[in-house]
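Observations on chain architecture
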Amino acid sequence: MKNIKSLAAIMLALMVFVTACAPGDGESSDKLSLDYEKFTLDNGLDVVLHQDDSDPIVAVSILVHVGSNREKPGRTGFAHFFEHMLFQRSENVPDGGFFKNIDEWGGTFNGGTWTDGTIYFEVVPKDALEKVLWMESDRMGFFINAVSLASLEGEKPVVQNEKRQRVDNQPYGHTQSVILKALYPEGHPYNWTVIGELEDLQNATLDDVKEFYEQWYGPNNATLVIAGDINKEEVTAMVEKYFGEIPSRGIDTPMNPQPVTLDETKVFYYEDNFAQLPELRMTFPTVEQYHPDQWALDALGQILSDGKRAPLYKSIVEEAKVAPGVSSFNNSNELAGTFTIRVRANAGTDLDSVRAVINQSLADFDTEGFDIKDLNRIKAGLETNFYNGISSVFGKSFQLASYNEYAGDPGFIEQDIANIKAVTQEDVMRVFRKYVLNQNMIVTNFVPKGAADLAMEGAQMADIKEEGINEFGQSEVIEEEGDFTIVKTESSFDRSKEPDFGEKPLVTPPTIWTDKTANGISVYGVEANELPLVNFSMRIMGGHYLDNPDKVGVANLMTDIMMEGTANKTPEELEDAIGQLGANLNMFTSNEYIQVSGNCLSRNFEATMELVQEILLEPRWDEKEFDRIINQTLQTIKQRETNPNSIATVVMNKKLYGDDHILSHPAIGYEDHVQSITIDDLKSFYNNNFAPNITNYHVAGNVSKSRAIKALGRLTTEWSQKEVTMPSYDVPPVPSEPEVYFVDVPDAKQSVIRIARLTVPADDPIYNEIMVANDRLGDGSSGRLFQVLREEKQFTYGAYAFPGRNVMAPGTFTAFSSVKSSTTKDALDTFKEVIGNYSGTYTDEDLEKTQTAMIKENARNFETLFNLLGILQNISTYNLPMDYIDQEQKTVTAATIESIQATADEYFDLSKYIFVIVGDKATQFDQLRVDGPGDPVLVDRYGKEAGVM
C-alpha cells in the first residue's frame, strides 16, 4: 500500500490538473471540465459516476475522509495501519482475498493514506465490476467482526517493515518527522508523520481498531466513484444493492483549518547514516487547501526554482555553485500548509554558506521580481497536463473523489484551473512577502554521519528515536486463529456468495502502422483520437552499451548536455520554447538506447517536433552547463554509494555480467571516470553513434500517419546514415552452484535481498514462457513470494520476482525484497523454500488462475497513450512481432502444468543463482556463513572482495 509522499504526489498531480470532455483535433478549450453524475444514498454515501467506453475497463475509487489528522497522540500511524487492516479480510471476503482476487481478475489495485484521507482503488476489466463492489462494500460495512487479535498482531510487522523501507533505511528519511514536530505544537493533527511511530503502532489494540472503524469508516464519511465503460442504470442498481443497507455511523463533519505561525526560527541538525550529501530545508508555515492564497503560493514555488531563469537556481547552482540543484514548493493540505525550499548541497559544503546564498537570492527577488514569461509558462502547461490526467480511468476517479470530499463538488476542477489562470505577478510577490521573505521558519540540516561540522552554527540536534536492529520482534499472538469465529452481520441478501463475472469484455487491439524513411529511421505509430494529445519517442540504439569501459558515463552525460540549448538557442531559450508550447520534452540513457520523449497537445505537435529536430541536429555543447552536469553526476554517484537498493543493483550487475562486460558497470559511471570525461568525449560519442539508421521513432495519439512522418522534417533530410557497430561481449556462464555476496551497511534497519541469474534475450520465445511461469511465483500480491514472506511470515513490506528484458545481452530473472534486519537468515531460507518448491507444488488451480489473469489483463494493455507508446517501443527495441501481445496470449493459453514445471526447473533453480545481501554485517553476516544458501563473500559497494575481518 502506498502512503505519505507517493500517494500525496499522485493526489497533488491529479487534483491540480485532470479530466474532461475533449475537443477535437487541433482545437482549444477554455472550459476544461468532466462529465459526471452524482447522487447520495440515504446513508450519506456520495456516489459519482463517469461513463467512458473507450476501453472495456472500470476504475472504482473509495475515498474515506480520514487521515493521520484524525489520530490521537500515542496512537500515531493508525490511519495508515487501518488501511492495511482493510486489505486482510472481511466477513464475506476470505483471508487474503483483497490481495489475490484483483490480480486473478486481470486488474490492479492499491490503497494509500495521507494527512487528510485514505483511498482504496481498483482498475479491472469491466466484467469484474460487480465483484469489486461486492468486496468494497463488505469492508465498508461488514469488516469489523472479522478482525481477530491474530490478524491485528500479524499486520503490525508489515507496517513496521514499510516504515523501515521508506523512512529508516533511506537517506533523509527522518526529515519530515523533525519538521512536523517543530512546526506544529503538540496535539496539532499535523504534529506527526502519516506512518507514525513504531512504538505507537506496537501498542495498538483491538479496541483501537473497532473505535477507529466505527468513528470514521461510515458511508457518510466517504465518496465512491466509478469511472469507465459502465451502464449507469445498471451500476446505480449495483451500488444501491451493495452499499445502500450499510448504516450511517461515526463522524462525518470536516475539520476546520488550523494554520500555524512561528514566534521564532528553529534550526535542527541530524547526522544521517545513509546521507552522503548535506541537505538544507527551510520550511515556512502557509495556508490550507483552497485558501485564496494557495494558487499564488503554488506558482511561487515553481517561479523561484524551476528553470534556468529561476532566482534560486541561478544563485545556488550557477553563481555560488554550492549544489547541483534546488527545489521549492507549496503544499497546502486540508488544515494547514507549508512552503519549502530544499537544497541538497555538494559534498563537504557548509550549510551556513548555503543559507546565506538563499537569503541573498530571496532579497534580490524582492527587489527585482520575475519575468512574466515564467508565469505564462506555468499557465501554458495547464491544458496539456489537464488532458494527461484524463488518460486513465483511475485518474478520473481519483480526481472526482478528491474534489467531492475536499471541495464539496466533483466538478471543482473548473474553478481550480480558473484560479490558477487568475494568478498575477502582483499576487505572487504579495504571497512571497507575506509568507516567505524574512519570515520565521523551521530549518533542518541533515548531514553525513561524522560531519556535524557541516550543519549551521547554533543548530540543535534533532530528537530522533532510531529503532534498534533487534527491536520490535515478531508479535506474540495471544489468541490462536483457530479459536476465532466470525459473527456475521445481517444482510438483505447472501453476501457470502461472490457475484459472477459480467459479460466478457471485447478487447480491440490498436491498429499499428509502420514506415521507414529514406535515411533509415524506422517509424511505428498508433492513431488514437480520444484526446487532443500526442506522445512520442525516438530511441537511438546503443546507449550505455556503446560506452568505453575505461571511461564509463559518457552516454549518460549525452542526454543531459543535449537538453541544454541548441546552436541557435541558449539553454534558457530552449526551456522557454518548450514551456510556451505547454509541451514536455526529456532525454535519458538506458543500457541499450538513448531516448528522446515528448508529450504535447496535438495542435502543437509540429512545433514540438521542430524543437526535437534542433536538439538532435544542432547540439550546443555548452561548456558552462557541461561543468554543472559533471558536478551533478558526481554528487549523484556519492549519494548512490549509501543507498542500499542502488548498492544491490550495482553489485548484482557486476557479478552477473563479469568485470569485462559493459553492463557490469553502472551507466552513470564511477567518480574517477566521470572526472576524466571531457566535452570532446561527448562530441565524439555523438559523431560516432547518433545515426538515423539505428533510430526508432514511435508516435501514439491524435495524429495521422502522414502528419507523424512529415513532422520528422529535417531529421529525414539532414541526418546522414553511418555505420555504428555494436560491441560484442562475452557473458559469464550461469553459476553451477550458488554465489552469495554480502555488502556491509552498518546499522541498516533492513537487509536488501536480490537473487538473480541470466536468462535469454527479450526476442527469445522462452522469455514469454518465463513470464508465464513467474505469474504465480512473484508477479504481484497474489504471488507466493508476497503471500509467504509478507502475509504469512511478516518479514517484509513486499517480495516479488520478474524477468528483465535486454536485446544485446541475455536478460535476467530477479527475485527481491527488503526484510527486517533480524529476519535476514529466515527470509533467505524462505526464498529458498518458496522458489525451490515451486515447480513440484504447481497445481491445476495455479495454471487456471494464471491463464485467467493474464488473458483478462489484456483489457488494460491499451488504455493510455503511455501504454500504446510502450507497445510500439517494445516492438522496435526488442525485435518483437507486431502481434507480440497476441503471441504472449498464445503462450499463456498453450501453457500446461508440465510446461510451467519444465520452465521453473530450468530457470528457477537456485543452485544457479547469485545472491546479494546488503545489510548490517555486525549482526547478520556470521549467521549466513553458517546456514545460508552458500558461503557468503564480503564485498565492497562495487562488488570487489573486501575480505572478512
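Preceding this paragraph is the structure being described.
One structure accompanies this document, and this report is about it. Fair warning: this is a prediction, and the values are worked out from it, not measured in the lab. (Residues numbered from 1 in each chain as written. Predicted model: local features only at pLDDT ≥ 70, side-chain atom pairs only at ≥ 80, totals over all residues. Heavy atoms only, no water.)

Quick word on empty space enclosed by the protein
Here the structure, examined in full by the defined rule, presents four cavities of 30 Å³ or more. The computed volume of the largest cavity comes to approximately 50 Å³. What lines the largest cavity is simply I62, V64, L86, Y120, E136, R139, M140 and Y217. Broken down by secondary-structure element, the contributors of at least two residues to the lining of the largest cavity are strand 4 (57-64) and helix 4 (129-141). (1 Å grid on protein atoms, 1.4 Å probe; cavity = no way out; pocket = protein on both sides within 12 Å on 5 of 7 lines; lining within 4 Å. Points joined across faces, edges and corners; volume = space filled by probe spheres on them. Helix = DSSP H or I, 4+ residues; strand = E, 2+ residues; numbered from the N terminus.)

Re the packing of aromatic side chains
Aromatic ring pairs are defined here through the distance separating the ring centres and the angle between the ring planes. Scanning the model with the defined rule gives 42 aromatic pairs in all. Measuring from ring centre to ring centre gives 6.3 Å for Y213 and Y217, while their planes differ by 20°; the resulting arrangement is stacked. Exposure class is identical for Y213 and Y217. Each is buried. One cation-aromatic arrangement involves K131 over F501; the distance from NZ or CZ to the ring centre is 4.4 Å. Across the ring face of F493, the terminal group of K241 is positioned such that the distance to the ring centre comes to 4.9 Å. (Phe/Tyr/Trp six-rings, centres within 6.5 Å; stacked < 30°, edge-to-face > 60°. Buried < 20%, exposed > 50% of the residue type's maximum accessible area, 1.4 Å probe, protein only. Lys NZ or Arg CZ within 6 Å of the ring centre and 35° of its normal.)

A closer look at the environment of A345
When you line up the elements, A345 lands in the loop between strand 11 (337-344) and helix 12 (351-368). The class of A345 is buried, set by a relative accessible area of 0%. In contact with A345, other than residues within four places in its own chain, are L277, P278, V322, A323, L351, V354 and Q635. (Contact = heavy atoms within 4.5 Å.)

A closer look at the sheet that holds strand 8 (residues 266-272)
If you trace the six strands from one edge of the open sheet to the other, you get 10-11-9-12-8-13, paired in mixed fashion. Here the strands that pair on one side only, and so sit at the sheet edges, are strand 10 (327-332) and strand 13 (460-461). Pairing geometry for strand 10 and strand 11, over six bridges, is antiparallel. Bridging across to strand 11, F329 finds its partner in T340. Of the strands in this sheet, strand 8, strand 9 (279-285), strand 11 and strand 12 (442-448) are in contact with helix 6 (residues 175-183), which crosses strand 12 at around 155°. (Pairing = 2+ DSSP bridges. Axes fitted to C-alpha atoms, helices over the stretch in contact; angles between N-to-C directions.)

Thoughts on the nonpolar core
Core analysis: the biggest nonpolar cluster contains 158 residues, and L300, I316, I358, F605, F690 and Y697 have the highest contact counts within it. In contact with F605, not counting residues within four places along its chain, are V534, F536, C600, Y697, V699, V703, R707, A708 and A711. Among the nonpolar cores identified, the runner-up in size contains 56 residues, and Y120, V132, W134 and F212 belong to it. (Core = buried A, V, L, I, M, F, W, Y, C linked by side-chain atoms within 4.5 Å.)

Considering the sheet that holds strand 21 (residues 750-758)
Strand order in the open sheet formed by six strands is 22-23-21-24-20-25, with mixed pairing between adjacent strands. In the strand order of this sheet, the two ends are held by strand 22 (796-804) and strand 25 (936-939), each with one partner. On average, each strand axis in the sheet is inclined to that of its neighbour by 20°, with strand direction left out of account. Two elements, strand 20 (residues 739-744) and strand 25, share four bridges in a ladder whose sense is parallel.

Overview of the pairing of strand 20
Every other side chain in a regular strand lies on the same face of the sheet, so the side chains alternate between the two faces. With six bridges connecting them, strand 20 and strand 24 (residues 914-919) associate as parallel partners. Note that in strand 24 the partner of V743 across the bridge is V918.

Structural notes on the layout of surface pockets
Space inside the second largest pocket adds up to approximately 1,400 Å³. Contributing to the lining of the second largest pocket are 45 residues, with R860, N861, F866, N867 and G870 lying nearest its centre. Breaking the lining of the second largest pocket down by element, the ones donating at least two residues are strand 16 (533-541), strand 17 (584-589), strand 18 (593-601), helix 25 (766-778), strand 22, helix 30 (865-877) and helix 31 (884-894). Take the lining of the second largest pocket: its biggest share by element is eight residues, from helix 30. For the lining of the second largest pocket, the residue count by class is 18 nonpolar, 20 polar and seven charged. (Nonpolar A, V, L, I, M, F, W, Y, C, P; charged D, E, K, R; others polar.)

What to know about the pattern of salt bridges
Note on pairing: side chains with opposite charge can pair once their charged atoms come close. Using the criterion set out here, one finds 54 salt bridges in the structure. Where R139 meets E122, a salt bridge forms, and the shortest distance between an N and an O atom there is 3.4 Å. Taken together, the positions of R139 in helix 4 and E122 in strand 6 (residues 118-125) put the pair 17 residues apart, joining distant regions of the chain. E122 matches R139 in its accessibility class, with the two residues each being buried. Of the charged contacts, one joins E136 and R139 as a salt bridge, the two residues approaching to 2.8 Å between their closest N and O atoms. With E136 and R139 both in helix 4 and three residues apart, the pair spans about one turn of that helix. The two residues E136 and R139 agree in class, both being buried. (Salt bridge = Lys/Arg side-chain N within 4 Å of Asp/Glu carboxyl O.)

A word on the pairing of strand 16
Along strand 16, nine of the nine residues are buried, which leaves the element largely enclosed by surrounding structure. By the alternation rule, side chains of strand 16 split into L533, N535, S537, R539 and M541 and V534, F536, M538 and I540, which are all buried. In terms of strand pairing, strand 16 meets strand 19 (residues 695-701) through seven bridges, oriented antiparallel. By the bridge assignment for strand 19, M538 is matched with Y697.

Some details on the packing of helix 13 (residues 372-389) against helix 15 (residues 413-421)
Remark: helix 13 packs on helix 15, axes separated minimally by 10 Å, with the N-to-C direction vectors making an angle of 160°. Viewed along their axes, helix 13 and helix 15 adopt a mutual orientation that is roughly antiparallel. Of the two possible hands of crossing, helix 13 and helix 15 adopt the one that is right-handed. Within the contact between the two elements, helix 13 uses K379, L382 and F386 and helix 15 uses I413, I417, I420 and K421. Class assignment of the residues belonging to the contact of helix 13 with helix 15 gives a composition of five nonpolar, no polar and two charged. (Parallel < 35°, antiparallel > 145°, perpendicular 65-115°, else oblique. Left-handed = near helix turned anticlockwise from the far one by under 90°.)

Structural notes on helix 21 (residues 644-657)
Taking 1.5 Å as the rise per residue, helix 21 with 14 residues should run 20 Å; its terminal C-alpha atoms sit 20 Å apart, in good agreement. Looking only at helix 21, the buried set comprises P644, I647, A648, V650, V651, M652, K654, L656 and Y657. The inward-facing, buried residues of helix 21 contact helix 20 (623-640), strand 20, strand 21, strand 23 (812-820), strand 24 and strand 25. Of the residues one or two after helix 21, G658 is the one with positive phi, at around 80°. (Expected span 1.5 Å × (residues − 1).)

Here we look at the environment of V596
When you line up the elements, V596 lands in strand 18. Since its relative accessible area comes to 2%, V596 is described here as buried. If near-sequence neighbours (up to four positions away) are discounted, V596 is found in contact with F536, S537, M538, N586, M587, V612 and L616.

A few points about helix 6
For helix 6, the tally of buried residues reaches seven of nine residues, placing the bulk of the element in the interior. What helix 6 keeps buried is the set T175, S177, V178, I179, L180, A182 and L183. Here the buried face of helix 6 lies against strand 8, strand 9, strand 11 and strand 12.

Considering the environment of I694
Here I694 lies in the loop between helix 23 (679-689) and strand 19. Under the relative-accessibility criterion, I694 is labelled buried at 14%. In this structure, the C-alpha to C-alpha distance between I694 and S522, residues 172 residues apart in sequence, is 8.2 Å. Non-local contacts of I694, meaning those with residues more than four positions away in its chain, are made with R539, I540, M541, N689, V724 and M726.

Let's talk about the side chain of E888
Tracing the sequence through the fold places E888 in helix 31. Residue class for E888 comes out buried when judged on its relative accessible area of 14%. Within the structure, E888 has its side chain in polar contact with the side chain of R805 (distance 3.4 Å). Not counting residues up to four positions away in its chain, the partners in contact with E888 are N768, M771 and R805. (Polar contact = N/O pair within 3.5 Å; in protein donor to acceptor, adjacent residues only side chain to side chain.)

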